[in-house]
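Residue-level structure breakdown
So the chains spell out like this:
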Amino acid sequence: MACMKLGSKSEAFLRDGQTWVCTAGLPSDIVIEVGEMSFHLHKFPLLSRSGLLEKLIEDVSSGEDGQSCILQLHDIPGGAKTFELIAKFCYGVKIEVSALNVVSLRCAAEHLQMTEAYGDGNLIKQTEDFLDEVFGNWGDSIRALETCEEVLPHAEEVHVVSRCIDSIAVKACSDPSLFGWPVSNSAPKPEGAELWNGICTESKTRNVIEDWWYEDVSFLSLPLYKRLIVAVESKGMNPEGIAGSLMFYAKRYLPGLSFKENTNHHNSASTSLAPSEADQRVLLEEIVGLFPNKKEVILTNFLLRLLQTAMSLHASPSCRENLEKRIGAQLDHATLDDLLIPNMGYTVETLYDIDCVQRILDHFMSVDQAADEPPSPCIVEEEAEERQVVDGGSLPLTPVTMVAKLVDGYLAEVAPDVNLKLPKFQSLAAVIPEFARPLDDGIYRAIDIYLKAHPWLTDLEREQLCRLMNCQKLSLEACTHAAQNERLPLRVIVQVLFFEQLRLRTSIAGWFYVSNNTENSRGSLAITKNDIQTNLADNEKTMEMRVAELEKECLSMKQEIGKMGKSKSGWNICKKLGFKRSQPKTVDC
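For the structure given in this document, a descriptive report is provided here. Quick caveat: nothing in here was measured; it's all calculated off a predicted structure.

1. A short note on the overall build of the protein
Check the secondary structure of the protein and you find 24 helices and 11 strands. Here the protein holds 589 residues, and the buried ones make up 43% of them.

Structural data, given as structure tokens:
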């Protein structure tokens, strides 16, 4: 830390309790009271350096016939500690000026009018010259800005605060290694970089870690930190750098974000006590307002944790809405664990905040432009996967497809909640368009869990719930499970059996097509005719077994329907199940 020494005389003051006495040998003729401290001094050294003291001494002395006078300077910036240094400066006693006291000295000198008109090299000029040196050093600039809190109104008047902030902002936007500034989070020297006479022979200079300045500025108070962020943005700092600093600052002062402080910092003790809930709420709202508008510069999981913290602190509706919109714009980067937001409302109905997720999802769908609706739905083959395979590689899922998978998982997690109403479940599931799900296994699993947790649903409600899935897009495993699932409506089971049979027929037709092409080719395919015939025989047996099972299911349903009689109401039920009045023989489902 830089320092400047002024004066040449030895110590000339003694302290006795709350009293400072000059030991120059002459009796004091003026007493200056600063707070609880009293300074017994001499008029001449003071009035020869300060315009304000000269005026005050003249006014008091003229009314007391030159006798000892008493002045009160309770409003002097920095208080008694700073005035002690000023008194020593006026007497020429040795003092040390550093980044920790130069701001208060500069403000007090301005208050006392210690200009060059009252002696060359007066305190205003001395402190201004030293401030130029302070602003050239990163650490000293930080320390000086922190001390501005003590004399903030006076520091603003002499423009020390703005100059400190500009100095720090310029350095934060620059490469510190070019100027020899200290970097607290510098990475170690790369392996293989050899030194020759102290010079690194590495061909390519390493990049300095961009977050090197985050920790130092995180100890600033919120008003000063906010001004610093505005300054670094005006200096050209990229949004990623600003966002990183804001996240670091929020983690330090919001306990709900789980951040471990670095106790090695020179001012770490100042943050040992967590801010009050009201202060945390103000800080959170200010931080959210400072977030860059660029998408995805703030981590999605951080935004979700920040939203939970905002709910627990009862932040303003505009703050929560801002966070929900930001999360919705990048919901495809979220994880299921982060999306399980506990319900913190006054009237808690469900375990998790379904309404909040609904709003986030609605915003995602409103801004998503990447997904184009494909042609009419087709039957998903048994080997269909959630990724398209091209030349041995896999193409990444689209954002809407990833969100669909996330929502299906979320629905499965919240489905066991007995307080979750059917309309709310349906509303959340219906936001995802049908084309966004390559397979409907996820939504089927969520529906099955909901049916199991809500056995009192009527048949009509069960059918409405099952309309959320497409039976044609269930995998073979899901079809097998659904065909034996007693919780599903009978109509849905019939559809599943029908599409399963149709799937088998399509598969066998494909094998016949491959067999014919194999006979006409001359060794171009690795599959032999015997292999195809064997596979066809196996598939024919499998198909026969499944068709037989299907016929039994259909016959059983027809027998149950027959028991209802031939009334008009019974016939209406048959129509709802998809059967015709004629064709008494076996129905091909």
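2. Focus on the nonpolar core
By size, the foremost hydrophobic cluster in this structure holds 156 residues, and its most contacted members are Ile 32, Leu 41, Phe 291, Leu 331 and Phe 425. Broken down by element, the residue count for this core peaks at 9 residues, all from helix 17 (residues 399-414). The residues contacting Phe 291, other than those within four sequence positions of it, are Leu 246, Ile 298, Phe 302, Leu 303, Leu 306, Leu 323 and Arg 326.

3. So, helix 16 (residues 354-367)
Since one α-helical turn is 3.6 residues long, residues separated by three or four positions face the same way. Its 14 residues place the ends of helix 16 20 Å apart at the C-alpha level, agreeing with the 20 Å of an ideal helix rising 1.5 Å per residue. Looking only at helix 16, the buried set comprises Ile 354, Cys 356, Val 357, Gln 358, Ile 360, Leu 361 and Phe 364. On its buried side, helix 16 packs onto helix 13 (300-312), helix 14 (317-329), helix 15 (336-339), helix 17 and helix 18 (422-430). In this structure Asp 353 caps helix 16, since a side-chain oxygen of it lies 3.5 Å from the backbone nitrogen of Asp 355.

4. Considering the packing of aromatic side chains
Aromatic rings considered in pairs are described by the distance between their centres and by the relative angle of their planes. Inspection of the entire model under this criterion finds 8 aromatic pairs. Aromatic pair Tyr 214 and Phe 248: ring centres 6.4 Å apart, planes at 55°, arrangement tilted. With Tyr 214 in helix 9 (residues 214-217) and Phe 248 in helix 11 (residues 239-253), the pair connects residues that are 34 residues apart, well separated along the chain. Taking relative accessible area as the criterion, Tyr 214 reaches 9% and is therefore assigned buried. Assessed through its relative accessible area of 18%, Phe 248 is described here as buried. Where Tyr 225 meets Tyr 249, the ring centres are 3.9 Å apart and the plane angle is 10°; that geometry is what we call stacked. With a gap of 24 residues between them, Tyr 225 in helix 10 (residues 222-234) and Tyr 249 in helix 11 connect regions that are remote in the sequence. Residue classification places Tyr 225 among the buried positions, given a relative accessible area of 0%. A residue is classified by how much of its surface remains accessible, and Tyr 249, at 2% relative accessible area, is buried.

What counts and what doesn't
- Numbering of residues begins from 1 in every chain and follows the order in which that chain's sequence is written.
- Side-chain atom pairs in this predicted model are given and counted only at pLDDT of 80 or more, local residue features only at pLDDT of at least 70, and totals for whole chains, interfaces and linings cover all residues.
- Side-chain figures throughout are based on the complete set of non-hydrogen atoms in the structure, without hydrogens or water.
- For helices the rule is a DSSP run of H or I covering at least 4 residues; for strands it is a run of E covering at least 2, with both sets numbered from the N terminus onward.
- The buried label applies to any residue whose accessible area, calculated with a 1.4 Å probe on protein chains only, is under 20% of its type's maximum; exposed applies above 50%, and partly exposed to all values in between.
- Buried Ala, Val, Leu, Ile, Met, Phe, Trp, Tyr and Cys residues that are joined via side-chain atoms within 4.5 Å together make up what is termed a nonpolar core.
- Contacts are assigned to residue pairs that have any heavy atoms within 4.5 Å of one another.
- For a helix, the expected span equals 1.5 Å multiplied by the residue count minus one.
- Polar contact criterion, stated in full: a pair of N or O atoms within 3.5 Å, where within protein one must be able to donate a hydrogen and the other to accept it, and residues adjacent in sequence count only if both atoms are side-chain atoms.
- Working definition: a ring pair exists when centres of Phe, Tyr or Trp rings (six-membered ring for Trp) sit within 6.5 Å. Plane angles under 30 degrees give stacked, over 60 give edge-to-face, the rest tilted.

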